[in-house]
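# Structural features, examined
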Amino acid sequence: MRLFTLMPLFLLPLLFAACTDMPSEDTETKRIVYVFYTPHGLGDLSFCDSICRGVTQSELKYGFSKADIVPDSWAVAEDTLCTLLTYLRDTKASPKTALCIFCDTLYLSLLEKHQTLFSAGLATFLAFDMRESDIPHSLKDAFSSVDMPFYGVCYEAGALTKALYEAAPSNKKTLIISADKNRSDLNDAIKGFAQGLGIQQIPEIILSSNHEAASNLDVYYITADEPFNAAGFLYQQSAWIFDREYSTVFPLCGGSIMGLIRYNREQERQSTVFCTIGMDADMSIYTEKVPFSVVKHADKAVSRCIAQWQSDGSIPRCQSFGLESGYLEMLISEKSPHKTSLMQTLQSIHQTAIEQEAEYEKNRT
């Protein structure tokens, strides 16, 4: 079973039942993992696809059933979540038989909204790539969380960007494209990148067709009410604006990287085209304009959590996998003409990045 959003909601209980393949009382109960992705999340070539890969590998290893929930919208996500909670209650599911993995904080808001349907005993609940502080107070006792802090690996990305400028001097600037400015993990990434680059002030800008860079490092936050929104980047309608002002673009905004990569592919023979820093996965396989990528091994992290659940029906309350864990890493492109110097830079600052992240996390909490 894979996608629920194409099916009428009244059929979901039947589908859940088919997926769980509930056995008779004298046999071991079949376990099932439900993964709640962001709307249209699968196919992003990065974070969601990595999670799916890890869950699928674990499914093959342990033999449980898997249900990928990929809604068309947050309204459909809410309806599907309520249906599942009702199903878990009616079938007397338990934390040892059902694992629910949530890949976006908005799902936690929906659970808080529908607390009359929610109970800690229905399943093991995992907030993936979220801090314990992201979990609403009323849900904390029921949830485990896995945090994959960005500060250290983005510090390395900033340092490598600085090394690029030194290897190929340019009067152009660097742009970070980010999503919700209230997301603490993205703000941590921006701060880490800026520190690695050696920048103190990071002005927020608004893009326009006659845009000019405000500083050596600008930040643009994608919002739904602006013309240059996520869909615009997704279909690379806005990428041409960057060529005049920026030599490097660092996207912290999900699927919008696909538009940047497409633009890079179409224009990569032009020496003036900006470089894109890959995010979540190795993006250098798509274009020579990706000098290095921030790789988040969400597949390994989620596989580790599933192994813990398979072992004793629970997951540790709060886990953090940062740069030192190896679940985040900087991957330099084999195609980069500056590969050797970038590798030398990375080796020289890697331990510093780990220490900077540890200090940052200590002071943040």
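Everything discussed here concerns the structure shown above.
A short tour of the structure in this document, coming up. This one's a predicted model, so the numbers in the text were calculated from it and none came from an experiment.

Criteria and cut-off values
- Residues numbered from 1 in each chain as written.
- Predicted model: local features only at pLDDT ≥ 70, side-chain atom pairs only at ≥ 80, totals over all residues.
- Heavy atoms only, no water.
- Helix = DSSP H or I, 4+ residues; strand = E, 2+ residues; numbered from the N terminus.
- Buried < 20%, exposed > 50% of the residue type's maximum accessible area, 1.4 Å probe, protein only.
- Contact = heavy atoms within 4.5 Å.
- Areas by Shrake-Rupley, 256 points an atom, 1.4 Å probe, with all protein chains shown as cover.
- Pairing = 2+ DSSP bridges.
- Axes fitted to C-alpha atoms, helices over the stretch in contact; angles between N-to-C directions.
- Expected span 1.5 Å × (residues − 1).
- Right-handed = clockwise from strand over helix to strand, strands pointing away.
- Phe/Tyr/Trp six-rings, centres within 6.5 Å; stacked < 30°, edge-to-face > 60°.
- Lys NZ or Arg CZ within 6 Å of the ring centre and 35° of its normal.

### With respect to the overall build of the chain
The helix and strand inventory of the chain stands at eleven helices and 13 strands. Sorting the 365 residues of the chain into buried and exposed places 54% on the buried side. Put simply, of all contacts in the chain between residues at least 6 apart along the chain, 69% involve residues at least 24 apart. Surface summary for the chain: the accessible area is close to 16,200 Å², and the carbon and sulfur share equals 51%.

### Some thoughts on the sheet that holds strand 1 (residues 32–36)
The sheet built from six strands is open, its strands ordered 2-1-3-4-5-12 with parallel pairing. Strand pairing shows two members of the sheet lacking a second neighbour, strand 2 (65–69) and strand 12 (318–320), which therefore form its edges. Averaged over all neighbouring strand pairs, the angle between strand axes comes to 15°, with direction disregarded. On top of the sheet, helix 2 (residues 47–62) reaches strand 1, strand 2, strand 3 (98–102) and strand 4 (124–128); it is set at about 165° to strand 2, its chief contact. The strands touched by helix 3 (residues 74–90) within the sheet are strand 1, strand 2 and strand 3, with strand 1 carrying the most contacts at an inclination of about 160°.

### Focus on helix 3
End to end, helix 3 covers 24 Å across 17 residues, agreeing with the expected 24 Å (1.5 Å per residue, within 8%). Residues of helix 3 that are buried include every one of Ala77, Glu78, Thr80, Leu81, Cys82, Thr83, Leu84, Leu85, Tyr87 and Leu88, and no others. Looking one or two places after helix 3, you find Lys92, whose phi comes out positive at around 55°.

### Re the sheet that holds strand 6 (residues 173–178)
Strand-to-strand pairing in sheets goes through backbone hydrogen bonds, with the strands running parallel or antiparallel. Spatial ordering of the open sheet is given by 7-6-8-9, a layout of four strands whose pairing is parallel. Only two strands of the sheet have a single partner each, and these edge strands are strand 7 (217–221) and strand 9 (275–276). Summarising the sheet, strand 6 and strand 8 (residues 246–252) pair through six bridges and their orientation is parallel. By the bridge assignment, Ile177 is partnered in strand 8 with Pro251. Sheet contacts for helix 5 (residues 151–167): strand 6 and strand 8; angle to strand 8, the most-contacted strand, approximately 170°.

### Brief notes about the pairing of strand 2
Of all five residues in strand 2, five are buried; the element is thus mostly enclosed. Burial along strand 2 is two-sided: the residues Ser65, Ala67 and Ile69 and Lys66 and Asp68 are all buried. In terms of handedness, the path from strand 1 via helix 2 over to strand 2 forms a crossover that is right-handed.

### Description of the packing of aromatic side chains
Inspection of every chain in the model, using the stated rule, returns 15 aromatic pairs. Arranged with centres 5.6 Å apart and planes meeting at 35°, the rings of Phe125 and Phe143 form a pair that is tilted. In this pair, Phe125 is assigned in strand 4 and Phe143 in strand 5 (residues 143–147), connecting sequence segments 18 residues apart. Under the relative-accessibility criterion, Phe143 is labelled buried at 1%. Grouping aromatic residues by their ring pairs yields a cluster made of Phe36, Trp74, Phe102, Tyr107, Phe118, Phe125 and Phe143. Across from the ring centre of Trp309, 4.9 Å away, lies the NZ or CZ of Arg31, which sits over that ring.

Function cannot be inferred from these measures alone, as they are strictly geometric.
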